[in-house]
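Structural description and commentary
Chain by chain, the residues:
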Amino acid sequence: MPFGNTHNQLKMNYTAEQEYPDLSKHNNHMAKVLTLEMYANLRDKQTPSGFTVDDVIQTGVDNPGHPFIMTVGCVAGDEETYEVFKELLDPVIEDRHGGYKPTDKHKTDLNPDNLQGGDDLDPNYVLSSRVRTGRSIRGFCLPPHCSRGERRGIESLSVEALGSLDGDLKGKYYALKDMTEEEQQQLIDDHFLFDKPVSPLLLASGMARDWPDGRGIWHNDNKTFLVWVNEEDHLRVISMQKGGNMKEVFNRFCTGLTKIEELFKEKGHEFMWNEHLGYVLTCPSNLGTGLRGGVHVKLPNVSKHEKFGEILKRLRLQKRGTGGVDTAAVGGVFDISNADRLGFSEVELVQMVVDGVKLLVEMEKRLEAGQSIDDLMPEQK
Amino acid sequence: MASSFARVLSSKRKVGILSLVGAGSLTVGFFLNREQHVNAGANVRRIYPPSAEYPDLRKHNNCMASHLTPAVYAKLCDKSTPNGYTLDEAIQTGVDNPGHPFIKTVGMVAGDEESYEVFADLFNPVIKERHNGYDPCTMKHPTDLDSSKIRGGNFDEKYVLSSRVRTGRSIRGLSLPPACTRAERREVERVVIDAVAGLKGDLAGKYYSLTLMTDQEQQQLIDDHFLFDKPVSPLLTCAGMARDWPDARGIWHNNEKTFLVWVNEEDHTRVISMEKGGNMKRVFERFCKGLLEVERLIQEKGWEFMWNEHLGYILTCPSNLGTGLRAGVHVTLPRLSKDPRFPKILDNLRLQKRGTGGVDTAAVGSTFDISNLDRLGQSEVQLVQTVIDGVNYLIECEKRLEKGQDIKIPAPISQFK
């Protein structure tokens, strides 16, 4: 169980074989990698805060996975998890992040001036633009493992930092447990409100404990910059607006993030980051930039083209329905975003989205006019 | 091996004092807790004071929330059982599930036998509230599985469609479902399979492991209404009981399909005796015979059930302490159930009604599940007799109403005998 030493105290009375999970029906990154030998090596270790390998893998043991979707199957309970359990997490990361090696270095680039173009995506097709990432506060345990006191500490530090934002970023915090009915309805109407996780992938890792204590939503008065506190990560930061001006969205994203980081530093806190893994988050799938930059775009013709999947793959993009991950597209409108998180910088990833979406819209216009798109086929990025 | 370490434990029935030697463990050691009998485990990691960790229970309505004051929390929050189970783990389900304004849930669980001792300052008032005033500090719980003492118990089958008795048992020395490791859970399964394999005659049967069962076996068990599924209730999942599902979970039943054991669902074991029709006496006879036989079989191998003279049989949820027994019938009472005095009659007879789908379901037609309210403070024989006498009274009422005669609310029967 999270936040307890039960497993370590008891399980050492049994052999590794006796404790090793039955992964014979499992299909997730953890199950592919965790051999009995590896489990035996790791099971007597714990991070300084007491997180064990059984805590890391519980979500993957409880959720065997889907034959077609490969989930990660492990989480971090603190920053040190990625070090203490390297033997397990390095191959998981390599598999999940396209061959990223334990010796590779990740580049962080939050300078929005380095983004070329992106202010001219055709609003007749691109309905909205959005960039999100996550941040963890160094020194605190992550959502699967943190105590109530830690979670509240994260909340109050965040509220303080966000309270100092001004200008275009000035806003207000809504604690989930204190919110009025009217505030709640407004946040739902704005599509800002997050709810208690229902996915068993998240519940099994202990992230929803003590809900809604310490959870809340902050957003600026203009409703273009949003921060979720203590949902799947310490902080999720989102910049969004209607239309196709991804450059503006990314500008605000970088400015906001950089300001928030400064404000935390003034109070003696920093974000979890290292030059190998970039920004450290709860799920290994969000390491590096933790960035998903995307648009809602009308592609009724392109999406029916036989090469649609191949085009996206070459552009290093992925499609989702407009309800987010695992939803279906409605009316030919797709959520198109970067597929990568780690091994590319923020600027590089958003550049891929901008360039890729521009191309897709061009293809859409060609197909509308009954013309071929063969000459537009991209190379593999 | 776990079985040899279990033999080190006391094989007599007394307060479960457990000295656990952790080979290769990284824990600091065990501190003798001056106030309590049990050797508490290593102190829990704390970076914040108790006041910063105390849960927000203002919107909560469960027994744990009613009794977990900041002072009690501060006293208990850095203690752990010898196995390492903590207060925060015990109360997690109650923090995560504030409860319903009309239904008062318990809001806490035990991770091992010692939880009831180490966290007695919270468990005792919760037990007292849930079990209508039973005080574990001063009162003793009687255990009586001598079914020959039962009088009557053969109901009119025009009214009673089926009869059932269930309870739970925990294997001493192994942690309970909220806290057990995979190896411990597998050990529970092994111990139980071993024991039930020794049952003979009308109790001879077969074990179906959830991980290995075939589609046909699964369908048969569903058709027989025997199959249990992964818990979906957040009351259970928040306590960690569903971890590693379906590893080491299974169902055993006798060939005649009248005696059933669930392994590693909400408790180590749930034991059920049931039949169509109204022969509650026979159902209870088989219940006692089967339970005592299983107990004998595990004792042969050096194991025993968790039990003590204050709390009776120790189970995961405090609501199931004592006998852990729910004896009930599915009974049709078309006229009585519409009589406004029905709830009061049930109350005075110390019975509760449920729908025929079990707890929290609605009755279908006018068929109800009627069972004993109490679990702790009375013996199995006493509780089953209460159900028999009570159901007889209900049937009498129904018959009288059929003839156009009036009925009476019975005097309330006393609770602790």
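As the structure is a prediction and not an experimental result, all values here were calculated from the model. (Residues numbered from 1 in each chain as written. Chains lettered and ligands numbered in written order. Predicted model: local features only at pLDDT ≥ 70, side-chain atom pairs only at ≥ 80, totals over all residues. Heavy atoms only, no water.)

Structural notes on the overall build of chain B
The condition is simple: A run of DSSP states H or I qualifies as a helix once it reaches four residues; a run of E qualifies as a strand once it reaches two. Both are numbered from the N-terminal end. Using a 1.4 Å probe on the protein chains alone, a residue whose accessible area is under 20% of its type maximum counts as buried, one over 50% counts as exposed, and one in between counts as partly exposed. Pairs of residues are marked as contacts when any of their non-hydrogen atoms sit within 4.5 Å. Using a 1.4 Å probe, accessible areas were evaluated by the Shrake-Rupley method; residue-level cover was limited to the displayed protein chains.
Per the secondary structure count, chain B includes 13 helices and 10 strands. Scored against the burial criterion, the 417 residues of chain B give a buried share of 59%. Sequence-distant contacts, at least 24 apart, represent 74% of the contacts inside chain B between residues at least 6 apart. Accessible surface, chain B: about 17,100 Å² in total, of which carbon and sulfur atoms supply 54%.

Focus: the sheet that holds strand S3 (residues 250-254) of chain B
Residue and element names in this part refer to chain B. Applicable threshold: Strand pairing is assigned whenever DSSP detects at least two bridges linking the two strands. Between N-to-C directions, angles cover 0 to 180 degrees, with each direction set by a line fitted to C-alpha atoms, over the stretch in contact for helices.
Read across the open sheet, the 8 strands follow the order S2-S3-S4-S5-S1-S8-S10-S9; overall the sheet is antiparallel. Two strands in the sheet have a free side with no partner beyond their single neighbour: strand S2 (205-209) and strand S9 (351-354). Ignoring which end each strand starts from, the neighbouring axes of this sheet average 20° apart. Pairing between strand S4 (residues 259-263) and strand S5 (residues 269-276): 5 bridges, direction antiparallel. For Val263, the partnering residue across the bridge sits in S5 and is Thr269. Sitting on the sheet, helix H8 (residues 182-196) is in contact with S2, S3, S4 and S5, with an inclination near 165° to S4.

Here's the deal with the environment of His253 of chain B
Residue and element names in this part refer to chain B. One can find His253 in strand S3. According to the relative accessible area criterion, His253 is buried, its value standing at 7%. In the structure, His253 is positioned 32 residues away from Leu221 in sequence and 9.8 Å away in space, judged by C-alpha atoms. Not counting chain neighbours up to four residues away, the residues in contact with His253 comprise Gly205, Lys206, Tyr208, Leu221, Phe226, Phe259 and Leu260.

Here's the deal with the sheet that holds strand S9 (residues 317-320) of chain A
Sheets are built from strands paired through backbone hydrogen bonds, the pairs being either parallel or antiparallel. All names here are of chain A. With antiparallel pairing, 8 strands are arranged side by side in an open sheet as S2-S3-S4-S5-S1-S8-S10-S9. Each edge of the sheet is formed by a strand with only one pairing partner; in this case those strands are strand S2 (171-175) and S9. Ignoring which end each strand starts from, the neighbouring axes of this sheet average 20° apart. Taken together, the 6 bridges between strand S1 (residues 126-135) and strand S8 (residues 292-298) define a ladder with antiparallel strand orientation. Bridged to Arg132 within S8 is Arg292.

Quick word on the nonpolar core
To be explicit about the condition: Here the nonpolar core consists of buried residues drawn from Ala, Val, Leu, Ile, Met, Phe, Trp, Tyr and Cys, with membership extended through side-chain atoms lying within 4.5 Å.
Formed by 60 residues in total, the largest nonpolar core has its most connected members in Ile171, Met280, Phe284, Leu336, Ile370 and Leu394 of chain B. Looking at this core, the elements with two or more residues in it are strand S1 (160-169), H8, S4, helix H11 (280-300), strand S8 (326-332), helix H12 (342-348), strand S10 (367-372) and helix H13 (380-402) of chain B. Here the element with the most residues in this core is H13 of chain B; it accounts for 10 residues. Contact partners of Met280 of chain B, with chain neighbours within four places excluded, come to Gly153, Phe155, Ser163, Arg164, Val165, Ala327, Gly328, Val329, Val384, Val387 and Ile388 of chain B. Counting residues in hydrophobic clusters, the runner-up holds 58 residues, among them Tyr125, Ile336, Val347 and Leu360 of chain A.

With respect to the packing of H8 of chain B against H11 of chain B
Residue and element names in this part refer to chain B. Operational definition: Crossing chirality is assigned from the near helix's rotation relative to the far helix, an anticlockwise turn below a right angle marking it left-handed and a clockwise turn marking it right-handed. Each residue gets one label: Ala, Val, Leu, Ile, Met, Phe, Trp, Tyr, Cys and Pro are nonpolar, Asp, Glu, Lys and Arg are charged, and the others, such as Gly, are polar.
In contact at an axis separation of 9 Å, H8 and H11 are set at 115° when each is read in the N-to-C sense. As H8 packs across H11, the resulting crossing turns out to be right-handed. Residues Val191, Ala195 and Val196 of H8 form the contact with H11, whose participating residues are Val294, Leu297 and Ile298. The residue inventory of the contact of H8 with H11, partitioned by class, reads 6 nonpolar, no polar and no charged.

Some thoughts on the side chain of Thr181 of chain B
Here is the rule: Counted as a polar contact is a pair of N or O atoms within 3.5 Å, where, for protein atoms, one must be capable of donating a hydrogen and the other of accepting one, and residues adjacent in sequence contribute only when both atoms are in side chains.
Looking at the element boundaries, Thr181 of chain B is found in the loop between S1 and H8. Polar side-chain contacts of Thr181 of chain B include one of 2.6 Å to the side chain of Glu19 of chain A.

So, the confidence of the model for chain A
Filter applied, for reference: Scored from 0 to 100, pLDDT reflects the predictor's confidence in each residue.
Residues of chain A with pLDDT of at least 70 account for 96%, and the chain-wide mean is 93. Here helix H1 (residues 6-11) of chain A is the element of chain A with the lowest mean pLDDT, 71, and helix H4 (residues 36-42) of chain A is the one with the highest, 98.

With respect to the packing of aromatic side chains
All names here are of chain B. Let me state the cut-off plainly: Side-chain rings of Phe, Tyr and Trp (the six-membered ring for Trp) are treated as a pair once their centres are within 6.5 Å; stacked means planes under 30 degrees apart, edge-to-face means over 60, and tilted covers the remaining angles.
Taken as a whole and assessed by the stated rule, the structure comprises 14 aromatic pairs over all chains. With 6.0 Å between their ring centres and 80° between their planes, Phe228 and Trp245 make a pair best called edge-to-face. Here the residue Phe228 occupies a position in the loop between helix H9 (215-223) and helix H10 (234-237), and Trp245 occupies one in the loop between H10 and S3, the gap between them amounting to 17 residues. An angle of 50° between the planes, with centres 5.1 Å apart, marks the rings of Phe228 and Trp262 as tilted. Of this pair, Phe228 sits in the loop between H9 and H10 while Trp262 sits in strand S4, and the two are 34 residues apart along the sequence. Since its relative accessible area comes to 16%, Trp262 is described here as buried.

Topic: helix H5 (residues 87-96) of chain B
Counted residue by residue, H5 of chain B has 10 buried out of 10 residues, so it is predominantly covered. Within H5 of chain B, the full set of buried residues consists of Leu87, Asp88, Glu89, Ala90, Ile91, Gln92, Thr93, Gly94, Val95 and Asp96 of chain B.

Things to note about the side chain of Asn230 of chain A
All names here are of chain A. Relative to the helices and strands, Asn230 is located in the loop between strand S4 (225-229) and strand S5 (235-242). Judged by relative accessible area, which is 3%, Asn230 ranks as buried. A distance of 2.8 Å separates a polar side-chain atom of Asn230 from the backbone oxygen of Gly214. Leave out the neighbours within four places in its chain, and Asn230 touches Arg151, Ile154, Glu155, Trp211, Gly214 and Arg215.

Section: the confidence of the model for chain B
Residues and elements named next belong to chain B. Per-residue pLDDT for chain B averages 88, and the proportion of residues at 70 or more is 87%. The model gives residues 1-37 a pLDDT under 50, and that stretch makes 74 contacts with residues more than four places away or in other chains. In the predicted complex, the global pTM is 0.89; the interface-specific ipTM is 0.90.

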